[in-house]
Amino acid sequence: MLIKKINSQTKIGQHGPIDAAHITRADYVRWLTESDEAAVERLFEAARSVALAHFGTGIYVRGLIEISAYCRNDCLYCGLRRSNRQAARYRLTEEEILASCRRGYTLGYRTFVLQGGEDPAQSDDWLANLTARIRTAFPDAALTLSVGERSDEAYRWFREAGADRYLLRHETRNEAHYATLHPSDMSAARRRRCLYTLKSLGFQTGAGMMVGSPGQTLDHLLDDLAFLEELDPEMIGIGPFIPAAHTPFSHRSAGSVSLTLRLIALLRLRFPKALIPATTALATLDPMGREKGILAGANVLMPNLSPPGVRGKYGIYDGKCCTGDEAAEAWQALDDRLNRIGYHMVCGRGDYLY
Ligand code: 5AD
C-alpha cells in the first residue's frame, strides 16, 4: 500500500508514475534507454523513496572476507579463472577467517560474508565446520556464504551449521549469452537450480548479474529481470563488468555506471524490500559510485574485511578498490560519507524483512 501511495504521488517524467507491482517489459525498456537525464533523476527519486519507506536512512553493512583466490572454474570474465597463471593466489586458514570475524565484530559488523572462488581445498566439510564455529563464536551475527555451486547436500550442511544467507549470481539468464561467458562445463541451468535449492533450504538468497558484460544486449538484461521476478530473491547484487588482465576479455570495455544505476532503481521499485548493495565494482568505476548507488535505491554496503595483507590479491577485475573507504576499518569515514548524503551506517544483522 505504502509503495502504491508513494508511486501514485511520484510523477516520473513523461512516462507518468510507475506502478511498482506491475512494471512491464516495455517500462523496463523505456527506463533503460531514457535519454532525458531529468527523467532518470526522477526515477532515482522514486526508487529512493521506496527504500526510505522500508529502511529509513539506514544503510546495512556487511564485512566481506575474501577467503580464497583459487578457483576451479574458468569463467572468461574473471581474473581468478583457473587458467590465469598471472593471478595472485592465496587462501585463508580457518583461524585467519575467525580472526577477521573477530576484528569485524569489534568494529561493529554483525554480518560476515565469506566469499571465495570454488576452491577444492576449501571442501564442503571444511566450510560446514567453519560455519558452525563462526555461528558459535558470534551467535548474534548473520553469516552469508558466497562460495559458488555446491551440491544440494552441501548447501543443507551449511544451512544446518548456521549459515543464514547465500550469494550466487546467476550472471546472465540468457543461455546463449551464458555460454559465451563461461566454459562448456558450466551450465546456466545448474546455476539456477542451485539458486532454487538455496531458497528452498531457507537461505536468504542473493542472485544478480554483471551489467555490460561482453556481448550483453538489452534483451539479455530484460531476461535477467524476468528471471529475478520469477526467483524473487531476498538479495540482488549487480555491478558493472570491469575487464580483468590476462583474461579473454581484458581488452573489452567496462559496463556503464548509468545503466547500473537505472537497474538498481528499477530493482528497488520492483523488489521494495530487497537487500541491494552499492557494489565495489560500482565504486571502482566511479569514486562516487557508492553514494550514487544508494541515491538510486541501494541499501547495503560491503566493506572489505579480509586480512589487510591479502587485500588487493582478490583480483576478479582490474583496479578493484580495497583500501581507503572500501576497507572495513574505515567505518567512520564511510559513515561520514553517508552522512553527507543524508544516510548512516546501521550496526545490526540487517535481515530481510519478510
Ligand atoms: N567485472 C565485474 N564483476 C565481475 N565478477 C567476476 N568477474 C568480474 C569482472 N571482471 C563478479 C561476478 C561474480 C562476482 C563475485 O563478481 O558477477 O559473481
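A brief look at the structure comes next.

The rules behind the values
- Residues numbered from 1 in each chain as written.
- Predicted model: local features only at pLDDT ≥ 70, side-chain atom pairs only at ≥ 80, totals over all residues.
- Heavy atoms only, no water.
- Helix = DSSP H or I, 4+ residues; strand = E, 2+ residues; numbered from the N terminus.
- Rg over C-alpha atoms; globule rule 2.2 N^0.38 Å.
- Contact = heavy atoms within 4.5 Å.
- Areas by Shrake-Rupley, 256 points an atom, 1.4 Å probe, with all protein chains shown as cover.
- Near = heavy atom within 4 Å.
- Polar contact = N/O pair within 3.5 Å; in protein donor to acceptor, adjacent residues only side chain to side chain.
- Nonpolar A, V, L, I, M, F, W, Y, C, P; charged D, E, K, R; others polar.
- Buried < 20%, exposed > 50% of the residue type's maximum accessible area, 1.4 Å probe, protein only.

1. Remarks on the overall build of the protein chain
Helix and strand content of the protein chain: 13 helices and eleven strands. Taken over the C-alpha trace, the protein chain has a radius of gyration of 19 Å; the compact-globule value for 354 residues is 20 Å, and the two agree within 12%. For the protein chain, the spread of C-alpha atoms along the three principal axes comes to 55 × 45 × 40 Å. Within the protein chain, residue pairs in contact and separated by at least 24 positions form 75% of the contacts whose partners lie at least 6 positions apart. Carbon and sulfur atoms form 53% of the exposed surface of the protein chain, whose accessible area is close to 13,600 Å².

2. Quick notes on the site of the ligand
Around the ligand, the surrounding shell consists of Y77, C78, R169, E171, M210, P240, F241, I242, I316 and Y317. In the model, a nitrogen atom of the ligand is placed 2.7 Å from a nitrogen or oxygen of the I242 main chain. Coverage of the ligand by the protein amounts to 88% of the 400 Å² it exposes when considered alone. Along the lines of polarity and charge, the residues of the shell around the ligand split into eight nonpolar, no polar and two charged.

3. Remarks on unusual backbone geometry
Most peptide bonds take the trans configuration, and most residues that are not glycine carry a negative phi. The backbone phi angle of E171 is positive, close to 70°, even though this residue is not glycine. Among the structural elements, E171 can be located in the loop between β5 (165–167) and α7 (175–181). Accessibility expressed as a relative area gives 11% for E171, which makes it buried. Phi angles above zero are rare outside glycine, and H246 is one such case at about 60°.

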